[in-house]
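Report on the structure
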Amino acid sequence: MGRFAASRRRTRLFAGWGLLFLASYLCGSLKLVPAESETAIRQCRISAESPSLLGPGWHLSPLGLCRLVRYPRSPQRISFDFPDSQSTALNSQEGIGTRVKGSASYRLPADSAMSAYLLLKGRSLHHAVEGLLRGALASEVRLASFARISGAHRVELEASLSRSLGEALRKRGVVLQSLEIHSVRMARRSDEASDREPIPGAKLLLIGLDGADWRIIDPLIRSGKLPTLARLIRKGARARLKSVEPILSPVAWTSAATGFLPSEHGVLDFLVQDRRTGKAVPVTSRHRKVKAIWN
């Protein structure tokens, strides 16, 4: 009699735990789809049933058997700083390593959710948009000159990237609402130490020759008229440099001395208008908006 009672107690205990587990499983499988903020798609593995778009309200989506993918209806924002650990280097047309910071916002209309789900094969929409943004940006930078996308010219990159990314998103049912490029800079090489110590005893002499194009210098070197410059070239390095626009001496030299583009350092011509007299006067360092390397 005692064994029978103990067996019944165990049976009731197991049944109670089983009912508790079933209740917890059913509660966990009930999913609420908000009326205004989300669009949800359900696909179950236990049947060949096609994905179904769920309306607002409560829905049963058995845990482990069905997958519920939610897409927010409100605009989503992405802040980016490329290249990052998941992307390759961004190189301009000339091969200049480039770093681009910005932000973008996008929206997935409810009537495009199913087509986006099928195209993305259930992957995260945020990751998909980020991947498309990364690819479109790499293509735009690769086709452009660094001078045409940096500084104030970043608006040109912003416009071309908006077109290419907008088209790529539109094919997936996603609407690009806004895109803004905050900055375009030269990327720091990974092997360059930011806190590198000065080399004791090292000296650097920088010689600048205005208008000294290699098409002028090389014939003079070959004729033996520039022996000192020829020796400096033999023991050092030479290269063709890309100038800035407008190609004027005070503009280019100020860019060389500051590391900033004309739109940023503020020197745009040989002459400026004196605020007191209204006359044109030669531009000086007082008209520079940023510090030079010797400051």
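Above this text you will find the structure in question.
What comes next concerns the included structure. (Residues numbered from 1 in each chain as written. Predicted model: local features only at pLDDT ≥ 70, side-chain atom pairs only at ≥ 80, totals over all residues. Heavy atoms only, no water.)

What follows concerns the packing of helix H3 (residues 125-142) against helix H4 (residues 154-170). Put simply, H3 and H4 touch, their axes get as near as 9 Å, and they point 135° apart. Taken together, the axis directions place H3 and H4 in an arrangement best described as oblique. Of the two possible hands of crossing, H3 and H4 adopt the one that is right-handed. Where H3 abuts H4, its residues Val129, Leu132, Leu133, Ala136, Leu137, Glu140 and Val141 lie against Leu157, Ser160, Leu161, Ser164, Leu165, Ala168 and Leu169. Grouping the constituent residues of the contact of H3 with H4 by class yields eleven nonpolar, two polar and one charged. (Axes fitted to C-alpha atoms, helices over the stretch in contact; angles between N-to-C directions. Helix = DSSP H or I, 4+ residues; strand = E, 2+ residues; numbered from the N terminus. Parallel < 35°, antiparallel > 145°, perpendicular 65-115°, else oblique. Left-handed = near helix turned anticlockwise from the far one by under 90°. Contact = heavy atoms within 4.5 Å. Nonpolar A, V, L, I, M, F, W, Y, C, P; charged D, E, K, R; others polar.)

Per the stated rule, a full pass over the model turns up one aromatic pair. Ring geometry for Phe80 and Phe82: centres 5.4 Å apart, planes at 25°, overall stacked. Neither Phe80 nor Phe82 differs from the other in exposure class; each is buried. Sitting above the plane of the Trp214 ring, Arg238 keeps its charged end 3.8 Å from the centroid. (Phe/Tyr/Trp six-rings, centres within 6.5 Å; stacked < 30°, edge-to-face > 60°. Buried < 20%, exposed > 50% of the residue type's maximum accessible area, 1.4 Å probe, protein only. Lys NZ or Arg CZ within 6 Å of the ring centre and 35° of its normal.)

Moving on to the sheet that holds strand S2 (residues 38-44). Spatial ordering of the open sheet is given by S3-S2-S5, a layout of three strands whose pairing is antiparallel. Lying at the two open borders of the sheet, with one neighbouring strand each, are strand S3 (52-54) and strand S5 (66-72). The sheet shows a mean angle of 30° between the axes of neighbouring strands, direction not considered. The pairing of S2 with S3 spans three bridges and is classified as antiparallel. Bridge pairing in S3 links Ile41 to Leu53. (Pairing = 2+ DSSP bridges.)

What follows concerns the pattern of salt bridges. Note on pairing: side chains with opposite charge can pair once their charged atoms come close. A full pass over the atoms with the stated rule returns ten salt bridges. The shortest N-O distance in the salt bridge between Glu245 and Arg148 comes to 3.0 Å. Taken together, the positions of Glu245 in the loop between helix H6 (227-235) and helix H7 (249-258) and Arg148 in the loop between H3 and H4 put the pair 97 residues apart, joining distant regions of the chain. For Glu264, the salt bridge identified is with Arg185, shortest N-O distance 3.5 Å. Residue Glu264 is located in helix H8 (residues 262-265), and its partner Arg185 is located in strand S9 (residues 175-186); the two are separated by 79 residues in the primary sequence. Judged by its relative accessible area of 42%, Arg185 is partly exposed. (Salt bridge = Lys/Arg side-chain N within 4 Å of Asp/Glu carboxyl O.)

The end-to-end C-alpha separation of H3 is 26 Å, in line with the 26 Å expected for 18 residues at 1.5 Å each. Buried within H3 we find Leu125, Ala128, Val129, Glu130, Leu133, Arg134, Ala136, Leu137, Glu140 and Val141. The N-capping residue of H3, defined by a side-chain oxygen 3.4 Å from the backbone nitrogen of His126, is Ser124. (Expected span 1.5 Å × (residues − 1). Polar contact = N/O pair within 3.5 Å; in protein donor to acceptor, adjacent residues only side chain to side chain.)

Glycine aside, residues mostly have negative phi, and peptide bonds are mostly found in the trans state. Cis rather than trans, the peptide bond between Phe82 and Pro83 has omega equal to 5°. Relative to the helices and strands, Pro83 is located in the loop between strand S6 (76-82) and strand S7 (90-91). A cis geometry characterises the amide bond from Glu245 onward to Pro246, with omega recorded as 0°.

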